[in-house]
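# Chain and residue survey
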Amino acid sequence: MATQQKTQPPPSPSQPLPSSMGKPALRALQGAGITTLAEAARRPPEELAKLHGVGPKALRLLAESLVAAGLLPDPGATRSR
């Protein structure tokens, strides 16, 4: 029998950036005028990575939130089985 897990609804595009990224990354993104997932999705990851305070962990957490909000394709869904 499958166990039921509490799931949260996926983030919406207008949702603020995930706070789990850390304050330095959030300040850097906000300083660049990026305050929502939709705004982050319009910028290439290479541009975001150049911001002081945005490192690999912040980019990974942001990408996960963008996938969950449907703003980026799920990289796992494109793999052949």
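In the block above lies the structure referred to throughout.
These remarks concern the structure in this document. Predicted model, so just to flag it, every value in this text is computed and none were measured. (Residues numbered from 1 in each chain as written. Predicted model: local features only at pLDDT ≥ 70, side-chain atom pairs only at ≥ 80, totals over all residues. Heavy atoms only, no water.)

## A closer look at the overall build of the protein chain
- Across its full length, the protein chain carries four helices and zero strands.
- Sorting the 81 residues of the protein chain into buried and exposed places 26% on the buried side.
- Taking as baseline every contact in the protein chain between residues at least 6 positions apart, the subset at least 24 positions apart corresponds to 47%.
- Counting every atom, the protein chain has about 6000 Å² of accessible surface; 55% of that belongs to carbon and sulfur. (Helix = DSSP H or I, 4+ residues; strand = E, 2+ residues; numbered from the N terminus. Buried < 20%, exposed > 50% of the residue type's maximum accessible area, 1.4 Å probe, protein only. Contact = heavy atoms within 4.5 Å. Areas by Shrake-Rupley, 256 points an atom, 1.4 Å probe, with all protein chains shown as cover.)

## What to know about the environment of Met21
- The topology assignment puts Met21 in the segment before helix H1 (23-31).
- Separated by 38 residues in the primary sequence, Met21 and Leu59 have C-alpha atoms spaced 8.1 Å apart.
- Not counting chain neighbours up to four residues away, the residues in contact with Met21 comprise Leu26, Leu29, Ala58, Leu61 and Leu62.

## So, H1
- If you check which residues of H1 are buried, you get Ala25, Leu26, Ala28 and Leu29. Buried residues of H1, viewed axially, fall in a sector of 165°; they line one side. Turned more than 90 degrees from where H1 packs its buried face, Lys23, Arg27 and Gly31 sit exposed.
- Of the residues trailing H1, Gly33 is marked for its positive phi of about 85°. (Arc of directions from axis to C-beta.)

Function cannot be read off these values alone, since they describe shape.
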